[in-house]
Amino acid sequence: MVDSQYYLPNDIGVSALDCREAFSLLSPREQMYSHFLSRAAWYGGLAVLLQTSPESANIFVLLQKIFRKQPAAELEPVAMAAGLTSEEYQAFLVYAAGLYANMGNYKSFGDTKFIPNLPKDKLKALVFASQSFKEQPGEMEALWDSCSSALFSLEGKQKQLGLGSKGITTYFSGNCGLEDAELAQKFLDFQKLSAYNTRLFKTEKGGKMSYEVRLASAVKSGTVCAHAASENQTKMLEGYRRSFTFGSIDAHKEGSRFWIKDKGPTVESYIGFIESYRDPFGSRGEFEGFVAVVNKAMSERFAKLVSSAEVLLPELPWPRDFEKDTFLKPDFTSLDVLTFTGSGVPAGINIPNYDDIRQSEGFKNVSLGNVLAVAYATQKEKLTFLEEDDKVGKLNGCASPQDDQGKFNFDQNTLINPVTGEKVTSWYRGNETWDSRFSTIASSYEECRAECVGLFLCLNKLALSIFGHEGQDAEDVVYINWLYMVRAGLLGLEFYTPESSSWRQAHMQASFVILRVLLEAGEGLVHLEEVAGADGRPDARIALDRTKIHTVGKSAIQRFLCKLQVLKATADVAGGRALYDGYSAVTDSGPHDFLRLRDTVLLRKEDRKMLVQANTRVQGEAVELVEYEGSAAGLIHSFTERFQEDAEQLEADLLELSKRDSPCWCH
């Protein structure tokens, strides 16, 4: 029997991402602008298939060819005739939807491989009985042969993404290990090159090793979108075009600078190689793009929060010397997503991720309102590990750098580390960045720091009052926020791999670290126990004493947050790793057997919802919004209609790119 964590269940949640009202409020010009930006995002997002696993692109093409000829309802009788049961056919639909939703055969949240929950011979029978196979038997059989083994394989390191012996990655050739990643990073830092849009391939000839750093680029002609609403948008798009044409991160940075200047647009967007969560070394970005419409009412409240920054920031538990030289007010908006491409859809983002731009020019915060409305809504009976009564109801700090000329922006003789009480002895030099120094722990460490800031500042009455929460209502919000975090820490154990002692998801590792910090605080703040469930199987209960949040809880987060900030600001990699790895450890010793609790979490886990996104298409002078039902079949249908115009050429290009890389994985 295969562990259920490698299947997507037939009853997995699938919801349509509603953006009709927001889209209808746009002007014709704004709708056209949104349409073309969405097309760019969807086509660029196909790169994620090649960034995920060696077989992902081939599986994608196989599914596209099948469903373009026969929609899910039309294919069902073919499946029955081929010997599949209705449950097995549904399992196939869920698998296909999962591959589209994750843009590959590894979960975007957790990096675990998922395989079809039906026998391989049954799936082969369906593929061979399909209309696409009947029309192109040679091509379809070759396509099946190219990916069918990997499609079902759970051997060794194929169970999860990782570097070297720890898992599968296409950011590095199969013969690369951590030492190769470190060597390449030193070279890139020396050359003042960013790793964001690169992959690393190692070859050996005559006993001599050579490395090839591949940049994502396509030397083609292109034009700037004619429907841009402002000069900033036009210059932003021109920067992106040059970046994607020539593989230039500097050009993308230039586009990002104009994006930051484009304050309060009606249509918000961003595109490029952005988040480094899935690079095992933490330096290379996965492609993503989004197009969204501003929710003006909620955005006004976020603007008030930003305006209160001068009052709120001094409340944070570290000296001013360990913060940015100048606070640059970010654009903070609530958006309804029209398009979000990549391996998953987050609830919010804080970008750009370029440290130099964030330090000197700023950034934007966006909360994705319609995503929050559907992706994180949970039925009461599925709120595991809580008492029944509980079921109702990113700032920067890479301070003190040394520039290329060796000049400092702080006094080495007087700046004291508030954690150790001694002079600061480490800092960022030259072209070093947060990602390049802290590498493998950078993403999770930063998520943890951001979550701790949120926990700490939600105790501030001013911050809560901005969103209309006062008195007992405000206290309830604080309690739910903190309770959600400790429960998330327990749920995070699903994303820990004991065999390699590694975490597969940055946010969930961060939540577990915070749980450990709050458990360590003691005094009855958090209570965690193993119990027997109503079904007789192992279960767990976690509770939070709301009367101790403002005292015990606040003090614990205050101390820990100060350590996180200072270690980050001073580039103290050794200290940062020791602290973070210590709290990240999952063991069976101590007051809680976290390894056994992990088994309980896996027993009762709930898979993340998949989101069905709309398409847009031009009809004469107007843009039409095309929506789909919130089901596996609806998600599949959205993808087969997404690339209709040039499907055959697009699929051929994907297969060619996949074939070109294939020799690099055989190690």
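What you see is a predicted model, and the numbers here were worked out from it, not measured in a lab. (Residues numbered from 1 in each chain as written. Predicted model: local features only at pLDDT ≥ 70, side-chain atom pairs only at ≥ 80, totals over all residues. Heavy atoms only, no water.)

(A) Representation of empty space enclosed by the protein in the model. What the second largest cavity holds in volume is close to 50 Å³. When residues of the lining of the second largest cavity are traced back to their parent elements, those giving at least two are helix H3 (47–52) and helix H26 (647–661). A total of three residues in the lining of the second largest cavity trace back to one element, the largest contributor, which is H26. (1 Å grid on protein atoms, 1.4 Å probe; cavity = no way out; pocket = protein on both sides within 12 Å on 5 of 7 lines; lining within 4 Å. Points joined across faces, edges and corners; volume = space filled by probe spheres on them. Helix = DSSP H or I, 4+ residues; strand = E, 2+ residues; numbered from the N terminus.)

(B) Broad picture of the sheet that holds strand E5 (residues 286–294). The five strands are arranged E4-E5-E6-E8-E7 in an open sheet whose pairing can be described as mixed. The open sheet has two free edges, formed respectively by strand E4 (267–275) and strand E7 (348–351), since each of these has just one partner strand. If you compare each strand with its neighbour and ignore which way they point, the axes differ by 35 degrees on average. Bridging between E7 and strand E8 (residues 364–368) involves four bridges; their strand directions are antiparallel. Its bridge partner being in E8, Gly348 is matched across the sheet by Ser367. The strands touched by helix H11 (residues 231–246) within the sheet are E4 and E5, with E4 carrying the most contacts at an inclination of about 25 degrees. (Pairing = 2+ DSSP bridges. Axes fitted to C-alpha atoms, helices over the stretch in contact; angles between N-to-C directions. Contact = heavy atoms within 4.5 Å.)

(C) Geometry of the packing of aromatic side chains. Following the criterion strictly, the structure yields 22 aromatic pairs and no others. Ring centres of Tyr89 and Phe92 lie 6.4 Å apart, and the angle between their planes is 45 degrees; this geometry places the pair in the tilted category. Taken as a pair, Tyr89 and Phe92 lie in helix H6 (residues 86–102) at a separation of three residues, close to a single helical turn. This pair shows no difference in class: Tyr89 is buried, exactly as Phe92 is. Taken together, the aromatic side chains of Trp42, Phe60, Tyr100 and Phe639 make up a single cluster linked through ring pairs. (Phe/Tyr/Trp six-rings, centres within 6.5 Å; stacked < 30°, edge-to-face > 60°. Buried < 20%, exposed > 50% of the residue type's maximum accessible area, 1.4 Å probe, protein only.)

(D) Examining the confidence of the model for the protein more closely. Here the protein shows a mean pLDDT of 89. Residues at 70 or above account for 93%. Counting contacts from residues 220–224, a segment whose pLDDT is below 50, to residues more than four positions away or on other chains yields six contacts. Under a pLDDT of 50 for its full length, residues 394–401 has, in the predicted model, 47 contacts with residues more than four places off or in other chains. (pLDDT = per-residue confidence, 0-100.)

(E) Representation of the nonpolar core. With 100 residues, the main nonpolar core has Phe60, Phe67 and Phe92 as its most contacted residues. The element best represented in this core is H6, accounting for nine residues. For Phe67, the residues in contact, after removing those within four places along its chain, are Ala72, Leu75, Phe92, Leu93, Ala96, Tyr100, Ile636 and Thr640. Ranked by size, the runner-up nonpolar core spans 68 residues in total, among them Trp318, Ile441, Val478 and Val486. (Core = buried A, V, L, I, M, F, W, Y, C linked by side-chain atoms within 4.5 Å.)

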